[in-house]
Amino acid sequence: MDDTNGDKPSGEPSIEIIAARCKAATPGPWDVIEEADVDAAWVNAATQTDDRPIALFDYRTGPENKANAAFMAQARQDIPALIEMVLGLRRRVADLLDANNREIAARIEANAKLQEALAKLDRLGGPKG
């Protein structure tokens, strides 16, 4: 069961909820606007159709404001890439589990055939393995 943020009770966020949050946000890329002699930093949209501000970082020290703005701006590109990576890894794990299950089924079938052959051989009085 998810809470109102879409997180699981364990605190682990749902990848689908993260993707929805990402999709709902202003499209990227985003840029940081900062000046050397100003402690504040801004994150702006950086597309051909939108260059308006998204966030102002002004409540901490200059280096913290600039680092937080850089993190937020880069996260706009990083999060979609990470979502795709997680989804790709989930698909790969599912493929590997499926292949493993097929291999196990084949081994069980081969073992059953071996046991049948050994039992038939035993009934015929042949050598025992």
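Above this text you will find the structure in question.
In this report, the structure presented in the accompanying data block is examined. (Residues numbered from 1 in each chain as written. Predicted model: local features only at pLDDT ≥ 70, side-chain atom pairs only at ≥ 80, totals over all residues. Heavy atoms only, no water.)

### Points about the overall build of the protein
Filter applied, for reference: For the purposes of this entry, the term helix denotes a DSSP run of H or I that reaches at least four residues, the term strand denotes a run of E that reaches at least two, and both are numbered from the N terminus. A simple rule labels every residue: compare its accessible area, found with a 1.4 Å probe on the protein chains alone, to the largest value its type can have, and call it buried under 20%, exposed over 50%, or partly exposed in between. The criterion used for residue contact is that any of the two residues' heavy atoms lie within 4.5 Å. Every accessible area reported is derived by Shrake-Rupley at a probe size of 1.4 Å, with residue values counting cover from the shown protein chains alone.
Broken down by element type, the protein carries two helices and three strands. When the elements of the protein are put in sequence order from the N terminus, they spell out α-β-β-β-α. In the protein, which comprises 129 residues, the proportion classed as buried is 17%. Put simply, 39% of the contacts in the protein that link residues at least 6 apart link residues at least 24 apart. Looking at the protein as shown, the accessible area adds up to about 9,900 Å², and 58% of this sits on carbon and sulfur atoms.

### With respect to the pairing of strand S1 (residues 30-34)
Worth spelling out the cut-off: Here a strand pair is declared whenever DSSP counts at least two bridges between the two strands.
Two elements, S1 and strand S2 (residues 41-45), share five bridges in a ladder whose sense is antiparallel. Each residue of the ladder has a partner; that of Val32, found in S2, is Val43.

### So, the side chain of Arg76
Let me state the cut-off plainly: Only four residue types enter the charge count: Lys and Arg as positive, Asp and Glu as negative, with His and the chain ends excluded. Think of a salt bridge as a Lys or Arg side-chain nitrogen and an Asp or Glu carboxyl oxygen that are within 4 Å of each other.
Position of Arg76 among the secondary structure elements: in helix H2 (residues 62-123). No salt bridge is formed by the buried Arg76, whose closest oppositely charged neighbour, Asp50, lies at an N-O distance of 9.7 Å. In this view, Arg76 contacts Cys22, Ala25, Thr26, Pro27, Gly28 and Trp30; residues no more than four positions away in its chain are not counted.

### A few points about the side chain of Asn65
Along the chain, Asn65 turns up in helix H2. What makes Asn65 buried here is its relative accessible area of 2%. Apart from residues no more than four positions distant in its own chain, Asn65 is found in contact with Asp39, Ala40, Ala41, Phe57, Asp58, Tyr59 and Arg60.

### Let's talk about H2
An α-helical segment advances 3.6 residues per turn. Residues three or four places apart therefore align on the same side. So the rule is basically this: The span you would expect from a helix comes to 1.5 Å times its residue count less one.
With 62 residues, H2 extends 87 Å from end C-alpha to end C-alpha; this agrees with the ideal 92 Å at 1.5 Å per step. Along H2, the residues that are buried comprise Gly62, Asn65, Lys66, Ala69, Ala73, Ala75, Arg76 and Ile83. Those residues of H2 that are buried are in contact with helix H1 (15-24), S1, S2 and strand S3 (53-57). Two residues or fewer past H2, Gly125 is found with a positive phi of approximately 85°.

### A word on the sheet that holds S2
To be explicit about the condition: Interaxial angle, 0 to 180 degrees, is taken between N-to-C directions of lines fitted to C-alpha atoms, where a helix line uses only the stretch in contact.
The strand order S1-S2-S3 describes an open sheet built from three strands, whose pairing is antiparallel. Edge strands, defined here as strands with exactly one partner in the open sheet, are S1 and S3. Between one strand and the next, the sheet's axes are offset by a mean angle of 20°, whatever the strand orientation. Looking at chain direction, S2 and S3 are connected through four bridges and run antiparallel. Paired with Ala41 across the strands is Phe57, a residue of S3. This element, H2, spans S1, S2 and S3 of the sheet and lies at about 165° to S1.

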